[in-house]
Amino acid sequence: MLPPAETDRFRTYLLSGEDVLWSGQPKQGLALSGKDALLIPFSLLWGGFAFFWNYMVWTFPDAGQEPDWFFRLWGLPFLLVGFYIMIGRFWHDAMLRKRLTYAITNQRVLVIRGSNFTSLDIHRLPRIELSEHKDGTGTIEFDVSSMFSVNALNGIGWWVPALTKAVQFFRIVSPRQVYEIILKQTQG
């Protein structure tokens, strides 16, 4: 449960007769997922090649010739992308998760992501999926759109979980208890 100040964050969004049953935030700091088993080696290959390219082009120009500025500038965007996917995406995701807040009420599932607000009718959730992690956290996904848009690469959300378009409670503490609260509300 969040402190009263955080629960107050939902007060302006509550309908009449609606009570907050649970509120929480995602795991803070570094949060790795199963996708990182593929993404980390890929990012190291990309970043390593981009660094090598830039090092070679900037350090060893052809002897006696003017520097080839096209090749020097060509490699810089790849270097920036390499830095982001190797290191920056973890920092970016952690910063976004600091601004994520979740709540369950007796009527809805609520998500505040910075200044964006998402609300789902708790009695009309087509599917609720719980996945638990070894660190005691878990993710609850609410499938409210087509399978293809949620489970596809999902843009940058594939690299930065906090940016995914899927409505979810990402890496929350005591996920089974939260899942049971949702089930009680959907059945009651």
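Relevant structure appears above.
Residues numbered from 1 in each chain as written. Predicted model: local features only at pLDDT ≥ 70, side-chain atom pairs only at ≥ 80, totals over all residues. Heavy atoms only, no water.

(A) A look at the environment of R89. Looking at where R89 falls in the secondary structure, it is placed in helix α3 (residues 69–98). Each C-alpha atom, one on R89 and one on V160, is 6.1 Å from the other, the two residues being 71 residues apart in sequence. A polar contact is formed between the side chain of R89 and the side chain of D36, at a distance of 2.9 Å. Side-chain polar atoms of R89 contact the backbone oxygen of I85, separated by 2.8 Å. (Helix = DSSP H or I, 4+ residues; strand = E, 2+ residues; numbered from the N terminus. Polar contact = N/O pair within 3.5 Å; in protein donor to acceptor, adjacent residues only side chain to side chain.)

(B) Molecular detail of the sheet that holds strand β1 (residues 20–24). Pairing within the open sheet is antiparallel, and its four strands lie in the order β1-β2-β3-β4. Across the chains shown, the open sheet's two edge strands, defined by having one partner strand only, are β1 and β4 (116–121). On average, each strand axis in the sheet is tilted by 15° relative to the strand beside it, whichever way the strands run. Relative to strand β3 (residues 108–113), strand β2 (residues 100–105) is paired through five bridges, and the arrangement is antiparallel. Paired with I104 across the bridge in β3 is V109. (Pairing = 2+ DSSP bridges. Axes fitted to C-alpha atoms, helices over the stretch in contact; angles between N-to-C directions.)

(C) Here's a closer look at the pattern of salt bridges. According to the stated counting rule, one finds eight salt bridges in the structure shown. Of the charged contacts, one joins E18 and R108 as a salt bridge, the two residues approaching to 2.9 Å between their closest N and O atoms. In this pair, E18 sits in the loop between α1 (4–11) and β1 while R108 sits in strand β3, placing the two residues 90 residues apart along the sequence. The exposure class of E18 is buried, given its relative accessible area of 6%. Owing to a relative accessible area of 11%, R108 belongs among the buried residues under this scheme. (Salt bridge = Lys/Arg side-chain N within 4 Å of Asp/Glu carboxyl O. Buried < 20%, exposed > 50% of the residue type's maximum accessible area, 1.4 Å probe, protein only.)

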